[in-house]
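Structure at a glance
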Amino acid sequence: MGRKFCVGGNWKMNGDKASIAELCKVLTAGPLHAETEVVVGCPAPYLTVARSQLPDSVGVAAQNCYKVAKGAFTGEISPAMLKDLNIGWVILGHSERRAIFGESDELIADKVVHALAEGLKVIACIGETLQEREAGQTEAVCFRQTKAIADKVKDWSNVVIAYEPVWAIGTGKTATPEQAQEVHAALRKWFTENVSADVAGAIRIQYGGSVTAANCRELAAKPDIDGFLVGGASLKPEFIQIVNARQ
């Protein structure tokens, strides 16, 4: 069995009821490649709006959640609340959460393990900054961020890893297909050596960073790229072409 291609759309802090209704119409009309798993990361206030307007075949993800079920954590959302709203996914560890909101590798790992325990599927994001890449630290950074999660997660069946070079997010710069494949292959090798060969063979590793309709097919053709986590382009009709990159 091959790994099922998985494309996520991260809407970030964008949208309102009207624009999300339009996006949902576009996604519902598709057509979306039946062999691709599709998930959209929706702003928290609109999660139920998106879920009610999308077909069951399209997953809806929160863009964050906390590491415990409930309590005195003003402004936070728990996995249990997401499950109560029929939301099946969450995006955790995005570079914006790390860089802007100061989330540590350990906190992200705690969030991942709690979300999994509560029955959510997780897109766990990793990736290096431009300074780290230029210093030759790409693999060291990605392995460190992945190890923090691997130290706490035992069952990987509901985890998708999203490799997002921070220097390519929203900048118009994209890692070349060769650069992306090189990191994806290194991550898969890391899983073989540090988790298990079975997990390494099964885990899906998405690429994220200025993916567009123009470059998605070449990226999708690489053997270790198992999908995309798409930012800006997920707000546009071209997202359909990205979902269908392997069709």
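Let us look at the structure shown here. (Residues numbered from 1 in each chain as written. Predicted model: local features only at pLDDT ≥ 70, side-chain atom pairs only at ≥ 80, totals over all residues. Heavy atoms only, no water.)

Section: the overall build of the chain
When helices and strands are tallied, the chain shows 11 helices and eight strands. Relative to a compact globule of 247 residues, whose C-alpha radius of gyration would be 18 Å, the chain shows 17 Å and is just as compact. Pairs at least 24 apart in sequence give 73% of the contacts found in the chain among residues at least 6 apart. If you sum the accessible surface of the chain, you get close to 11100 Å²; carbon and sulfur atoms cover 53% of it. One finds the centroid of the 26 positive side-chain charges in the chain at a distance of 3 Å from the centroid of its 28 negative side-chain charges. (Helix = DSSP H or I, 4+ residues; strand = E, 2+ residues; numbered from the N terminus. Rg over C-alpha atoms; globule rule 2.2 N^0.38 Å. Contact = heavy atoms within 4.5 Å. Areas by Shrake-Rupley, 256 points an atom, 1.4 Å probe, with all protein chains shown as cover. Lys, Arg positive; Asp, Glu negative; His and termini not counted. Charge placed at Lys NZ, Arg CZ, Asp CG, Glu CD.)

Let's talk about unusual backbone geometry
Of the consecutive residues glycine 30 and proline 31, the connecting peptide bond is found in the cis state with omega at -5°. Relative to the helices and strands, proline 31 resides in the loop between helix H1 (17–29) and strand S2 (36–41). In the Ramachandran plot, asparagine 86 falls in the positive-phi region, its phi being about 65° despite a non-glycine side chain. Given a relative accessible area of 56%, asparagine 86 falls into the exposed group. (Buried < 20%, exposed > 50% of the residue type's maximum accessible area, 1.4 Å probe, protein only.)

Let's talk about the packing of helix H5 (residues 105–117) against helix H7 (residues 138–150)
Think of two packed helices as two axes; the pair is described by the angle between the axes and how far apart they sit. Look at H5 against H7: their axes get within 8 Å of each other, and the N-to-C directions meet at 40°. In terms of their interaxial angle, H5 and H7 are classed as oblique. The two elements H5 and H7 meet at a crossing, and its hand is right-handed. Along the contact surface, H5 presents Asp105, Ala109 and Val112, while H7 presents Arg144, Gln145, Ala148 and Ile149. Partitioning the contact of H5 with H7 into residue classes produces four nonpolar, one polar and two charged. (Axes fitted to C-alpha atoms, helices over the stretch in contact; angles between N-to-C directions. Parallel < 35°, antiparallel > 145°, perpendicular 65-115°, else oblique. Left-handed = near helix turned anticlockwise from the far one by under 90°. Nonpolar A, V, L, I, M, F, W, Y, C, P; charged D, E, K, R; others polar.)

Details of the packing of H7 against helix H8 (residues 177–194)
Running from N to C, H7 and H8 cross one another at 40°; their axes reach a closest spacing of 11 Å. Relative to H8, the element H7 is oriented oblique. Between H7 and H8 lies a crossing of right-handed hand. Taken together, the residues of H8 that come into contact with H7 (itself represented by Thr138, Glu139, Cys142, Phe143, Thr146, Lys147 and Ala150) are Val183, Ala186, Leu187, Trp190 and Phe191. For the contact of H7 with H8, the class distribution of residues is eight nonpolar, two polar and two charged.

A look at the packing of aromatic side chains
For the coordinates displayed, the defined rule picks out six aromatic pairs. Ring centres of phenylalanine 5 and phenylalanine 228 lie 5.6 Å apart, and the angle between their planes is 90°; on these two criteria the pair is classed as edge-to-face. Of the two residues, phenylalanine 5 sits in strand S1 (residues 5–10) while phenylalanine 228 sits in strand S8 (residues 227–230), which places them 223 residues apart along the sequence. Geometrically, the ring pair formed by tyrosine 66 and phenylalanine 73 is tilted, given 4.9 Å between the ring centres and 45° between the ring planes. A relative accessible area of 36% means that phenylalanine 73 is categorised as partly exposed. Sitting over the ring of phenylalanine 101, arginine 97 keeps its end group 4.1 Å from the ring centre. (Phe/Tyr/Trp six-rings, centres within 6.5 Å; stacked < 30°, edge-to-face > 60°. Lys NZ or Arg CZ within 6 Å of the ring centre and 35° of its normal.)

Some thoughts on empty space enclosed by the protein
Take a probe with the size of a water molecule and roll it over the atoms, and the empty space left behind shows itself. Counted by the stated rule, this structure contains one cavity of 30 Å³ or more. Of all the elements in the fold, those that place two or more residues in the lining of the largest cavity are H1 and helix H11 (239–243). Within the lining of the largest cavity, the residues separate by chemical class into six nonpolar, one polar and one charged. (1 Å grid on protein atoms, 1.4 Å probe; cavity = no way out; pocket = protein on both sides within 12 Å on 5 of 7 lines; lining within 4 Å. Points joined across faces, edges and corners; volume = space filled by probe spheres on them.)

Examining the layout of surface pockets
Here the largest pocket defines a volume of roughly 440 Å³. If you go around the largest pocket, you meet 18 residues; those closest to its centre are Lys12, Met13, Gln63, Arg97 and Phe101. A per-class count over the lining of the largest pocket returns 11 nonpolar, four polar and three charged. Empty space within the second largest pocket amounts to approximately 240 Å³. Considering the residues around the second largest pocket, the lining is formed by 21 residues, among which Gly170, Ser210, Gly231, Gly232 and Ala233 are closest to the centre. Of the residues that constitute the lining of the second largest pocket, the class distribution is seven nonpolar, 10 polar and four charged.

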